[in-house]
Amino acid sequence: MEESRSIADTVDYKGSPVDKSKTGGWVPAALILGLTEICERLTTMGIAVNLVTYLGGTMHLPSATSANIVTDFLGTSFLLCLLGGFLADSYLRRYRTILIFALIQGLGTAVLSISTKLPQLRPPPCNNTISPEKCEKANGYQMGVLYLSLYLIALGTGGLKSCVSGFGTDQFDEKDEKEKVQMDHFFQRLFFFVSLGTLTAVTVLVYIQDEVGRSWAYGICTVSILIAVSIFVSGTKRYRYKKITGSPAVQIFQVIAASVKKRKLEFPSSIELAYEDSSEDRRLQRTDQFRFLDKASIIAGDNEKPKHLPPNPWRLCSVTKVEEVKMMIRLLPIWATTIFFWTTYGQMMTFSVEKAATMHRSIGNFQIPAGSLTVIFVAAILITIAVYDQLVMPLWKKWKGTQGFTDLQRIGLGLMLSTLGMAFAAIFEVKRLSVAKHAGDHVSAKSTLPASAFILIPQFVFVGSGEAFIYTGQLDFFITRSPKGMKSISTGLFLTTLSLGFFGSSFLVSVLKKITGRNGGWLADNINDARLDCFYGLLAVLSFINFGLFIWSAVWYKRNEPSKNSSVEMERIKTVGTAEIRSEHRYVLEQL
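Here is what the cut-offs are and how they apply
- Residue indices follow the written sequence of each chain, beginning from 1 at its first position.
- Predicted model: local features are reported for residues with pLDDT of at least 70 only, side-chain atom pairs are reported and counted for 80 or more only, and whole-chain, interface and lining totals are derived from all residues.
- With hydrogens and water stripped out, all remaining heavy atoms of the structure feed into the side-chain values.
- Among the buried residues, those of types Ala, Val, Leu, Ile, Met, Phe, Trp, Tyr and Cys that are joined through side-chain atoms within 4.5 Å form a nonpolar core.
- Exposure classes here rest on a 1.4 Å probe applied to the protein chains alone. A residue is buried below 20% of its type maximum, exposed above 50%, and partly exposed in between.
- Should any heavy atoms of two residues lie within 4.5 Å, those residues are counted as being in contact.
- In DSSP terms, a helix is any run of H or I states spanning at least four residues, a strand is any run of E spanning at least two, and both are numbered starting from the N terminus.
- In this analysis, the expected span of each helix is defined as 1.5 Å times one less than the number of residues it contains.
- The directions considered for the arc are those from the helix axis to the C-beta atoms.
- For Phe, Tyr and Trp, where Trp contributes only its six-membered ring, two rings pair if their centres lie within 6.5 Å, and the inter-plane angle classes them as stacked under 30 degrees, edge-to-face over 60, or tilted in between.
- Only the stretch in contact is used when a helix axis is fitted, and all axes are lines through C-alpha atoms; the angle between N-to-C directions ranges over 0 to 180 degrees.
- The labels follow the angle: roughly parallel below 35 degrees, roughly antiparallel above 145, roughly perpendicular from 65 to 115, and oblique for the rest.
- Residue polarity is assigned by list, with Asp, Glu, Lys and Arg as charged and Ala, Val, Leu, Ile, Met, Phe, Trp, Tyr, Cys and Pro as nonpolar; anything else, Gly included, falls into the polar class.
- Confidence of the predictor at the level of single residues is captured by pLDDT, which takes values from 0 to 100.
- Note on terminology: pairs of cysteine sulfur atoms within 2.5 Å are recorded as disulfides.
- A crossing counts as left-handed when the near helix is turned anticlockwise from the far one by less than a right angle, and as right-handed when that turn is clockwise.
- What we call the bend at a residue is the angle made by axes fitted to the seven residues finishing there and the seven residues starting there.
- Patches in this entry comprise residues that are over 30% relatively accessible and not in a salt bridge; like charges within 9 Å are linked, as are nonpolar side chains (Val, Leu, Ile, Met, Phe, Trp, Tyr) within 5 Å.
- Working definition of accessibility: Shrake-Rupley area with a 1.4 Å probe, residue cover restricted to the visible protein chains.
- By definition, a salt bridge exists where a carboxyl oxygen of Asp or Glu is found within 4 Å of a side-chain nitrogen of Lys or Arg.
- Polar contact is defined as a pair of N or O atoms within 3.5 Å, subject to the rule that within protein one atom must be able to donate a hydrogen and the other to accept it, and that residues adjacent in sequence are counted only when both atoms are side-chain atoms.
- When DSSP finds two or more bridges between two strands, those strands count as paired.

### Some thoughts on the nonpolar core
One finds Phe535 and Tyr536 to be the most contacted residues of the largest nonpolar core, which totals 97 residues. Discounting residues that sit within four places of it in the chain, Tyr536 has contacts with Gln347, Phe351, Ser352, Lys355, Met422, Ala425, Ala426, Glu429 and Gln459.

Below, the structure is given as structure tokens:
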């Protein structure tokens, strides 16, 4: 009876085996996920969606520079998730990581609130009649304080995103049927809180920024983070803690190092002569792809034959470990072709918000903040997921007999929708620029054009729907197609697509700024003098080319899929069972 009340590899706050009746379950999960997840989304998205208007309107930075600061901020936030995950898995555990990085994020929002309040940390106001080029730009000291606040927030976000959701799932025992059902409901609550935080950010928080004051809005974020941390700490005695198992990234380096050292050896004619230390129920069959890595499993002489002690993993690796690394390598082409989606996504947070600020955004007597138009983007995501779950999946099951689109089909659909989104953005930008040209030369970057901002809806809808498909498709692909022991690094790969996509957006803007810089160029400081139609057109063309590369990569992957070549996937299903395969989807929570 006592054994049923404990969970393997799980301890309480004292390091003793947990008592299920006193720890875990809904209450601790709510303490971890509820306010903490809401505050993280509220802070990150509330800053990102409206930061570009502050950089241009208050700090008097050029349009392209403002856009790059925003995308660099977002890219760094996702890139630092790898650091947070590594520290949690190898040293700190999730509880300490969440606590430390939440406080860092709170410090960042406090500094940002102060920097937007003190006049010394902003350049003097600029008259609307003066062209942006003649306004005094923020100096190095003022930008330094701003950068300090933003990257403290990015660091905090990275640590939180890598641990909050995973720590929430640690509070449930997958082998307990009752808690297993609770965990399934927990997933729905997770998405609800993520969406709630994002919606609050792009509506309430953005409105407070524009109508009350940015220092007030960021101060609210700081206070909410401190409250969330206090509530989080209050549940310390009720949490369940997973033991540290180390980083699986080391295994990849070990296989590569061992194969390089034995690059001149010939692989034995029989696979039975290769080294294997995995139990029979966990072994993977050897495949012919990437045969160079197979040399890591060659036993080179009697000195490497395992006796009483395990061999040096930097010189000899098992066949199963080699095959797990191969499975990770197979993911790379799909990984590479999903990066560009997040480059186009970055434009929804930057130039699209800037364009909205130049157009009429009124509904009756209510003026919609430019940053709040991204609520259309969020709504498109929610509606797309709801329609897909409630309508498409049941119909698809009746027609094809499967539960909706495959992971690769969803990724492809997301890439196609983002391509259409950029095409519509280019078309409607032609319309906006024609209105600006007709208004005359006196129109400044801060003038309101006689055009409705609602013509931006198609691009928000297409890219938002694209994210709904590509995000879930990427998560499904990187989790289910990777080895069980490498889920953290595979989800890390997924996050790097977001990071590299945002950095790619900054790089592309910088290059185009230099190439087309004459007479203002495509990305002129005054957005009404720029040629964003050409910029969006280029993004549409590049997205279409990237879509073609993805199709090629998907075909290549299917052709070389382990389940078709060597029955690796069939062996895996026999090994762990279909129930555990389904449970692996829960690793989605690690990176939401």
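Here the narrative resumes.
### Details of helix α7 (residues 249-261)
An ideal rise of 1.5 Å per residue puts 18 Å on 13 residues; α7 measures up with 19 Å between its terminal C-alpha atoms. All of the buried residues along α7 are Gln251, Ile252, Gln254, Val255, Ala258 and Ser259. Axial view of α7: buried residues confined to an arc of 165°, hence all on one face. In α7, the exposed residues that point more than 90 degrees away from the buried face are Phe253 and Lys261.

### As for the side chain of Thr43
Relative to the helices and strands, Thr43 is located in helix α1 (residues 26-57). The contacts of Thr43, once residues within four sequence positions are left out, are Gln105, Thr109, Ile153, Cys221 and Ile225.

### A closer look at unusual backbone geometry
Of note in the backbone geometry, His60 takes a positive phi value of approximately 60° without being a glycine. Among the structural elements, His60 can be located in the loop between α1 and α2 (63-117). With phi around 70°, Arg93 is a residue other than glycine that occupies positive phi space. Looking at the secondary structure, you find Arg93 in helix α2.

### Points about the packing of aromatic side chains
Taken as a whole and assessed by the stated rule, the structure comprises 27 aromatic pairs. Each ring, one from Phe167 and one from Tyr241, has its centre 5.8 Å from the other, and the planes form 40°; the classification is tilted. Here Phe167 is found in helix α4 (residues 164-169), whereas its partner Tyr241 is found in strand β2 (residues 241-242), with 74 residues between them in sequence. Each member of the pair, Phe167 as well as Tyr241, is classed as buried.

### Some remarks on the packing of α2 against helix α3 (residues 140-161)
Between α2 and α3, whose axes approach to 6 Å, the crossing angle comes to 150°. Taken together, the axes of α2 and α3 lie roughly antiparallel to each other. Split into classes, the residues belonging to the contact of α2 with α3 amount to 24 nonpolar, 13 polar and two charged.

### Considerations on the confidence of the model for the protein
Taken as a whole, the protein shows an average pLDDT of 81; of its residues, 85% reach a score of 70 or greater. Taken as a whole, residues 564-592 scores under 50 in pLDDT and shows 73 contacts with residues more than four places along the chain or in a different chain.

### Quick notes on the state of the cysteines
Counting across every chain of the model gives one disulfide. In this model, Cys126 is linked to Cys135 through a disulfide, with the two sulfur atoms separated by 1.8 Å. Judged by the sign of its S-S torsion, about -65°, the bond between Cys126 and Cys135 is left-handed. By the burial criterion, Cys126 is buried, and Cys135 matches it. Cys39 carries a free sulfur, and the closest cysteine sulfur to it, the one in Cys221, is 8.1 Å from it.

### A short note on the environment of Tyr207
As for its placement among the helices and strands, Tyr207 is situated in helix α5 (residues 177-211). Given the relative accessible area of 35%, Tyr207 is considered partly exposed. The spatial distance from the C-alpha of Tyr207 to the C-alpha of Ile368 is 8.0 Å, given a sequence separation of 161 residues. Tyr207 has contacts with Val212, Phe366, Pro369 and Ser372, leaving out every residue within four places of it along the chain.

### Section: the packing of α2 against helix α6 (residues 214-234)
Running from N to C, α2 and α6 point in directions that differ by 160°, and their axes come no closer than 8 Å. Viewed along their axes, α2 and α6 adopt a mutual orientation that is roughly antiparallel. Once α2 is placed against α6, the crossing between them reads as left-handed. Its residues placed into classes, the contact of α2 with α6 shows 13 nonpolar, eight polar and two charged.

### So, α2
Here α2 contains 55 residues, and its C-alpha end-to-end distance of 23 Å is more than 12% below the 81 Å for a straight helix at 1.5 Å per residue. At Leu92, α2 shows its largest bend, some 120°.

### Things to note about a nonpolar patch on the surface
Taken together, the side chains of Ile383, Val387, Leu391 and Leu395 present a nonpolar region at the surface, about 370 Å² in accessible area. Tracing the backbone shows Leu391 in helix α12 (residues 375-400). Classification of Leu391 by relative accessible area gives partly exposed; the value is 47%.

### Digging into the side chain of Ser297
Here Ser297 is to be found in the loop between α7 and α8 (319-330). Engagement of the side chain of Ser297 in a polar contact is seen with the backbone oxygen of Asp294, the distance being 2.7 Å.

### A short note on the pattern of salt bridges
Going through the model one piece at a time under the given rule, you end up with 13 salt bridges. Residues Asp170 and Arg94 are paired through a salt bridge, measuring 2.8 Å at the closest nitrogen-oxygen approach. Pair noted here: Asp170 is in the loop between α4 and α5 and Arg94 is in helix α2, with a separation of 76 residues, a long-range link. Both residues of the pair, Asp170 and Arg94, count as buried. With a shortest N-O distance of 3.0 Å, Arg432 and Glu429 are connected by a salt bridge. Here Glu429 and Arg432 lie together in helix α13 (residues 407-439), a separation of three residues that amounts to about one turn. Grouping residues by exposure puts Arg432 and Glu429 together as buried. Each of the salt bridges in this network shares a partner with another, and the network as a whole consists of Arg286, Asp288, Asp294, Glu323 and Lys326.

### Points about the environment of Ile299
The topology assignment puts Ile299 in the loop between α7 and α8. Judged by its relative accessible area of 27%, Ile299 is partly exposed. A C-alpha to C-alpha distance of 9.8 Å links Ile299 and Lys262, two positions 37 residues apart in sequence.

### Digging into the pairing of strand β6 (residues 449-452)
Burial of the side chains of β6 is restricted to one face: Leu449 and Ala451 are buried, whereas none of Pro450 and Ser452 on the reverse face is. In this structure, strand β3 (residues 359-360) lies alongside β6, joined through two bridges in parallel fashion. Bridge assignment links His360 to a residue of β6, and that residue is Ser452.

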